[in-house]
Amino acid sequence: MSFTEKHEEITKQEWMDRLNSLHISRADMNRLIMNYLVTEGFKEAAEKFRVEAGIPMNMDTESLDERIKIRDAIQKGEIEEAMALVNNLHPELLDDNRYLYFHLQQQHLIELIRKKDVEGALQYAQTHLAERGEENADVLNELEKTLALLAFENPEDSPFGELLHPSQRQKVASELNSAILEVENRESTPKLANMLKLLLWAQHELDQKKVKYPHMTDLAKGDIEDPK
Amino acid sequence: MLMDTSDMICDTYPGEMIGREYMENLYGEDMDRVLHSVVKLKNAVIGNNKQKFHMMSLGVVGRLLEFIQNERAAVGLRTESAIVLGSLAKGSQANVKRLVDSGVVPILLQCLNNSNLKFVEGCLRCLRSIFTSQAAPVELLYTDPGVVPHMLDIVSQSPTTQECICSILAQCCKTSEHQGLLYSNGVIESLAPLLASKMYKVQMPALRVFCVITYTNQIVSSAVASATVSERPLPDLLVELCLRDKSVEMQMSSAKCLTYMCRANALSSQDSKIVYKALPTLIRMCKKDRRLEERVEGAETLAYLIEVDLELQRIASYSDHLIPTLSEFLRYPSTQTTVMDLKRLDYDMKHSYELRAAALMAFASLGANDEDIRKKIIETENLMDHVVCGLSDPVIRVRLAAVRCLHSLSRSVQQLRTSFQDHAVWKPLMKLLQNADDDMLTVASSTLCNLLLEFSPSKEPMLESGAVDLLCDLTKRDDPALRLNGIWALMNMAFQVETKNMAFQAEQKVKSQILVALGTDQLFKLLSDPDVNVLMKTLGLLRNLLSNKPHIDHIMGMHGQQIMQAIVLILEGEHTIEVKEQTLCILANISDGTTAKDFIMANDDVLKKITNYMIHANVRLQIAATFCISNLVWNEEEGALERQMKLRDMGVQKLLQQLLSSSDTVLFDKVKTALQQFT
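What you see is a predicted model; the values in this text were computed from it and never measured. (Residues numbered from 1 in each chain as written. Chains lettered and ligands numbered in written order. Predicted model: local features only at pLDDT ≥ 70, side-chain atom pairs only at ≥ 80, totals over all residues. Heavy atoms only, no water.)

**Observations regarding the overall build of chain A**
Point 1. Looking only at helices and strands, one finds 11 helices and 2 strands in chain A.
Point 2. Helices (α) and strands (β) of chain A occur, in sequence order from the N terminus, as α-α-α-α-α-α-α-α-α-α-α-β-β.
Point 3. Taking 228 residues into account, the globule formula puts the C-alpha radius of gyration at 17 Å, and chain A, at 23 Å, lies well above it.
Point 4. Seen through its C-alpha atoms, chain A measures out along the principal axes to roughly 65 × 55 × 30 Å. (Helix = DSSP H or I, 4+ residues; strand = E, 2+ residues; numbered from the N terminus. Rg over C-alpha atoms; globule rule 2.2 N^0.38 Å.)

**Section: the overall build of chain B**
Point 1. A count of helices and strands for chain B gives 44 helices and 2 strands.
Point 2. Against the globule reference of 26 Å for 679 residues, chain B gives a C-alpha radius of gyration of 35 Å, more extended than a compact globule.
Point 3. Here the C-alpha coordinates of chain B stretch approximately 120 × 55 × 50 Å along the principal axes.
Point 4. The proportion of buried residues among the 679 residues of chain B is 56%.
Point 5. At a minimum sequence separation of 6, the contacts of chain B that also span at least 24 residues come to 69%.
Point 6. Put simply, chain B shows about 30000 Å² of open surface, and 52% of that area lies on carbon and sulfur atoms.
Point 7. Of the side chains in chain B, 70 bear a positive and 79 a negative charge, and the two mean positions are spaced by 3 Å. (Buried < 20%, exposed > 50% of the residue type's maximum accessible area, 1.4 Å probe, protein only. Contact = heavy atoms within 4.5 Å. Areas by Shrake-Rupley, 256 points an atom, 1.4 Å probe, with all protein chains shown as cover. Lys, Arg positive; Asp, Glu negative; His and termini not counted. Charge placed at Lys NZ, Arg CZ, Asp CG, Glu CD.)

**Quick look at the UniProt feature "domain: CTLH" (unreviewed entry) in chain A**
Point 1. As recorded in UniProt, the feature "domain: CTLH" (unreviewed entry) lies at residues 63-120 of chain A.
Point 2. Between the C-alpha atoms that bound residues 63-120 of chain A there is a distance of 33 Å. The span itself is 81% helix and 0% strand. (UniProt positions renumbered as here; feature names shortened; annotations may be inferred.)

**A closer look at unusual backbone geometry**
Excluding glycine, residues mostly have negative phi values, and the peptide bonds linking residues are mostly trans.
Residues and elements named next belong to chain B.
Point 1. Positive phi, normally seen in glycine, also occurs at T216, with a value near 50 degrees.
Point 2. Relative to the helices and strands, T216 resides in the loop between α14 (200-214) and α15 (218-225).
Point 3. Accessibility expressed as a relative area gives 54% for T216, which makes it exposed.
Point 4. If you check the backbone angles, D320 has positive phi at about 50 degrees while not being a glycine.
Point 5. Residue placement: D320 occurs in the loop between α20 (310-317) and α21 (322-331).
Point 6. Judged by its relative accessible area of 40%, D320 falls in the partly exposed class.

**Describing the interface of chain A and chain B**
Point 1. The partner chain B presents 25 residues to the 20 residues of chain A that form the contact.
Point 2. For the pair chain A and chain B, the summed buried area comes to about 1900 Å², and 46% of that belongs to carbon and sulfur atoms.
Point 3. Taken as a group, E92, D95 and E131 of chain A account for 28% of the area that chain A buries against chain B, more than any other trio of residues on that side.
Point 4. Counting every contact that joins chain A to chain B gives 12 residue pairs in polar contact (both at pLDDT 80 or more).
Point 5. Looking at the side of chain A that touches chain B, the elements that each hand over two or more residues are α5 (79-89), α6 (93-96), α7 (98-114) and α8 (118-135) of chain A. (Buried area = accessible area lost by both parts, 1.4 Å probe. Polar contact = N/O pair within 3.5 Å; in protein donor to acceptor, adjacent residues only side chain to side chain.)

**Things to note about the packing of α21 of chain B against helix α23 (residues 352-366) of chain B**
Residues and elements named next belong to chain B.
Point 1. Two elements in contact, α21 and α23, have axes whose closest approach is 7 Å; the angle formed by their N-to-C orientations is 145 degrees. Along this stretch, α21 crosses α23, giving a crossing that reads as left-handed. Together, L322, I323, L326, S327, F329 and L330 of α21 and L355, R356, A359, L360, A362, F363 and L366 of α23 make up the contact between the two elements.
Point 2. Taken together, the residues of the contact of α21 with α23 break down into 11 nonpolar, 1 polar and 1 charged. (Axes fitted to C-alpha atoms, helices over the stretch in contact; angles between N-to-C directions. Left-handed = near helix turned anticlockwise from the far one by under 90°. Nonpolar A, V, L, I, M, F, W, Y, C, P; charged D, E, K, R; others polar.)

**Focus on the side chain of Q522 of chain B**
Residue and element names in this part refer to chain B.
Point 1. As for its position among the elements, Q522 is in helix α35 (residues 520-526).
Point 2. Overall, the relative accessible area of 10% leaves Q522 in the buried class.
Point 3. If sequence neighbours within four positions are ignored, Q522 has contacts with T475 and K476.

**A word on helix α41 (residues 619-632) of chain B**
All names here are of chain B.
Point 1. A rise of 1.5 Å per residue sets the reference length of α41, with its 14 residues, at 20 Å; its end C-alpha atoms lie 20 Å apart and thus fit the reference within 8%.
Point 2. In terms of burial, α41 is a largely internal element, 11 of the 14 residues being buried.
Point 3. Summarising the contacts, the buried residues of α41 are in contact with α38 (577-590), α39 (597-601), α40 (604-614), α42 (640-649), α43 (652-659) and α44 (665-677).
Point 4. A distance of 2.8 Å separates the backbone nitrogen of R620 from a side-chain oxygen at the start of α41, and that oxygen is part of N618. (Expected span 1.5 Å × (residues − 1).)

**A closer look at helix α2 (residues 26-40) of chain A**
Residues and elements named next belong to chain A.
Point 1. Spanning 15 residues, α2 covers 21 Å between terminal C-alpha atoms, matching the ideal 21 Å at 1.5 Å per step.
Point 2. Listed as buried for α2 are N30, L32, M34, N35, L37, V38, T39 and E40.
Point 3. Of the surrounding secondary structure, the elements contacted by the buried residues of α2 are α3 (43-53), α4 (64-75), α10 (166-183) and α11 (191-208).

**Looking at the side chain of S221 of chain B**
Residues and elements named next belong to chain B.
Point 1. Looking at the secondary structure, you find S221 in helix α15.
Point 2. Polar side-chain contacts of S221 include one of 2.8 Å to the backbone oxygen of N217.
Point 3. When neighbours within four sequence positions are excluded, S221 is seen to be in contact with T214, Y260, M261, A264 and A266.

**Here's the deal with the packing of aromatic side chains**
All names here are of chain B.
Point 1. The final tally for this structure, using the stated rule, is 6 aromatic pairs over all chains.
Point 2. Taken together, the aromatic side chains of Y215, Y260 and Y304 make up a single cluster linked through ring pairs.
Point 3. Over the face of the ring belonging to Y304 we find R263, whose NZ or CZ atom lies 4.4 Å from the ring centre.
Point 4. Its guanidinium or amino end placed over the ring of W488, K537 lies 4.3 Å from that ring's centre, counting from NZ or CZ. (Phe/Tyr/Trp six-rings, centres within 6.5 Å; stacked < 30°, edge-to-face > 60°. Lys NZ or Arg CZ within 6 Å of the ring centre and 35° of its normal.)

**Looking at the pattern of salt bridges**
Point 1. Applying the stated criterion across every chain yields a total of 52 salt bridges over all chains.
Point 2. Salt-bridge contacts for D28 of chain A lead to R31 of chain A; the nearest nitrogen and oxygen are separated by 2.9 Å. Of the two residues, D28 of chain A and R31 of chain A both sit in helix α2, 3 residues apart, roughly one turn of that helix.
Point 3. Accessibility expressed as a relative area gives 37% for D28 of chain A, which makes it partly exposed.
Point 4. Overall, the relative accessible area of 46% leaves R31 of chain A in the partly exposed class.
Point 5. Across the salt bridge formed by R291 of chain B and E293 of chain B, the nearest N and O atoms sit 3.2 Å from each other.
Point 6. What makes R291 of chain B partly exposed here is its relative accessible area of 45%.
Point 7. By sharing partners, the salt bridges in this structure join E92 and D96 of chain A together with K90, R125, R128 and E163 of chain B into a single network. (Salt bridge = Lys/Arg side-chain N within 4 Å of Asp/Glu carboxyl O.)

**A few points about the confidence of the model for chain B**
Point 1. For chain B, per-residue confidence averages 89 on the pLDDT scale, and residues scoring 70 or more make up 92% of the total.
Point 2. pLDDT under 50 marks residues 1-12 of chain B. Its contacts with residues more than four places away, or in other chains, come to 29 contacts. (pLDDT = per-residue confidence, 0-100.)

**Overview of a nonpolar patch on the surface**
Point 1. A surface patch of nonpolar side chains, about 330 Å² in accessible area, is lined by Y36, F42, L192 and M195 of chain A.
Point 2. By relative accessible area, which is 44% here, M195 of chain A ends up partly exposed. (Patch = residues over 30% accessible without salt bridge, like charges linked within 9 Å, V, L, I, M, F, W, Y side chains within 5 Å.)

**Looking at the state of the cysteines**
Residues and elements named next belong to chain B.
Point 1. This structure, assessed with the given rule, holds 0 disulfides over all chains.
Point 2. Free cysteine: C173, not disulfide-bonded; nearest cysteine sulfur from C172 at 8.9 Å.
Point 3. For C173, a relative accessible area of 7% corresponds to the buried category.
Point 4. Among the cysteines around C405, which has no disulfide bond, C389 carries the closest sulfur, lying 13 Å off.
Point 5. Among the residues examined, C405 registers a relative accessible area of 0% and is labelled buried. (Disulfide = S-S within 2.5 Å.)

**Looking at the environment of I165 of chain B**
Residue and element names in this part refer to chain B.
Point 1. Position of I165 relative to the elements: it lies in helix α11 (residues 159-172).
Point 2. Taking the C-alpha atoms as reference points, I165 and G651, separated by 486 residues in sequence, lie 84 Å from one another.
Point 3. Ignoring anything within four residues of it in the chain, the contact list for I165 reads L124, M151, I154 and V155.

**Some points on the environment of K375 of chain B**
Point 1. Structurally, K375 of chain B is set in helix α24 (residues 371-379).
Point 2. For the pair K375 of chain B and S412 of chain B, spaced 37 residues apart in sequence, the C-alpha separation works out to 8.5 Å.

**Side note on the packing of α14 of chain B against helix α17 (residues 248-263) of chain B**
All names here are of chain B.
Point 1. Direction vectors running N to C along α14 and α17 enclose 25 degrees, while the axes themselves pass 9 Å from each other. Here α14 lies roughly parallel to α17, going by the angle between them. For the crossing formed where α14 meets α17, the hand is left-handed. On the side of α14, the interface is formed by Y200, Q203, M204, L207, R208, F210, C211 and T214, while α17 contributes E249, M250, S253, S254, K256, C257, Y260 and M261.
Point 2. The residue makeup of the contact of α14 with α17, split by class, is 9 nonpolar, 4 polar and 3 charged. (Parallel < 35°, antiparallel > 145°, perpendicular 65-115°, else oblique.)

The following block contains the structure:
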């Protein structure tokens, strides 16, 4: 016979009351936002925010301009340009991070496929990507998915269509951005991301202990639901 | 990170055409276009091992070196060229070797004198990649004596110079000469501040440098111990780097550095930094949850740290379940092992012998001096079985470690009588002694010595496995340590315990076998050995051979003449009191024999010497001489009267009466006994 703890049951209202009684200073929040903007490379926004919020951009903005250029290049699908820029900034980075390099090359391949340049895509894959597959078995899997796109008339509608989605570019851009920040000995993720992770972890821990409480299910919206 | 993809020579390499194009463009007149081509080349080789190999085959290195060496070339071109070389150095190991063979290193080292920081950084990165690879041409760093001092001069210019120079120095400091060179060029002052750097990739290589320069170097270790960083003592900073919030490699390196400083006598072994920080850190590194290479390094460093300090051995023996943890090393892989991934498992299986060797070394250190610790080790379940297994391990490193371990444990008299009897250490130990190199021979024969002291019942199998011949061979070696072990072991073998229990008597057979195998020539050669320890043990052997009546008569019967000759030689020679005492004891033994007595009585010279020693300044010699006389005049023996007469005539009785006034009780008793024999 096991002894179970009786957990407190809490209503959404009580929960919200408790939350509202906590005070987070505006200054702290502003700093978090500034940190996010600078880390992710939103220079203009950071500048404007600095003026409007009246807080300094206390993060080192040494490579900010470069990182912005690199991110922009990727967002435009100009991967080779992005690679050239990163090689200029940190010539050892891609040599030391072959998996990251693969993702960049993969993105270039995707762009070729998007432009329907089948021959170009095949040649690129053969010349550059075969080597990646030899180095790392995980890579082979992702490579196959990418090349599979060539088999479809409308690759966007294929099972691997998400690779052609702009969010894929975003993913690669963030990965590269983080790597650059890491090499520069800066924190590679914005503090805001850490906070959200902390929130998710806390909810997970409570769930493990089978506590009933109102969950925040949608992080983007910050909605809190009734306890189930 | 260097990849190890094998280079494939590809005739139909798709990039080939492009490669040739790149090469052509490097030979243009228009320097701007040339620069542009170098940058394109750079982008082509970064991340692509095949492209690196391919371009090198086309001879790109030579052309790039031309740019780099050309003082009149634009610094931008020179820098980009260095960066390309840097990328080539991040290819396969074979690639790096080819780079080195192309003469890249001396040129880049020379370029460090340039004033442009970016250019210097480019060169340093390439050098760092080369020197941290397997093909590192360490000696090239020292060819030009100006290089190392200059590096230490420029080290603090930027994080890149810091990181690269520290990495290079950490890999290239291999000898005490290197240590001395770095020290005299101010390595400590230059690099100490870097230990407090906020950048891990600077801190870690700097720490490694401190490890390599302090190893077995007292001068450097002392200097490091008294160095400061922002007015804090450097050792305190090292302690901080041992803390658990640091990476494992950082904890290990700082503990190692403290260890080296302690062994080099720059830090006391009782210093709290050692006892409460370095030691526990190393013990922690041995835990199950650490990777194999970390556990090996932890155990080996631990063995080194406590090797010569009893207090540390004691503390370690009861710390944090160390002994059970180390025993697990010997059982690896066991049912307790969790499989993480296949690649890891494969590596671990191939390297499990390192775990065994490390554990055995640690046990050897732990059990070196303390009986309780030895007991604890031996009583650990199945441990002795593993040690014995280790003696026949296929890997020599493990065998040597097992012998060292056995050697430590064999210092326990109690264990000798009990557990070694249960474990068949003989066969594997004997096997090790055949075809052993000098290191192994020294430790193994020392161990044999110890084992022979008590382990009398098993002398039969020892004889059968050729121990005597082996030991006799040892006595012929140039190395006095080996000769000593050989003769000492033989001495122990011939030792006879005066006891009613027949089992503990060395058989006549054993003694004869020793004499025959050794040969009187070798025996007498050893009696004039330049090493006094060897001489003492040889005398000891002789004494043991002549330790009971039948043996004495038998041996003197065969070799009496030569033995007496040797004895005279020693008594007449320049020797320590201990040696003379041993010799006189041998005479006393001889005089205990029946027929053997005649050898002494017939030799006036010897008799005269004995009487002289009776009145020697050193009482131990007096005692031994008197003992001899006592045996000679013993009135229960046949022919006592004649002997007494002769000795009385020589004035011995008078001398004895004189000695009655001695204040030494032992001497007094012997003298009294002797006088009582006279009728």
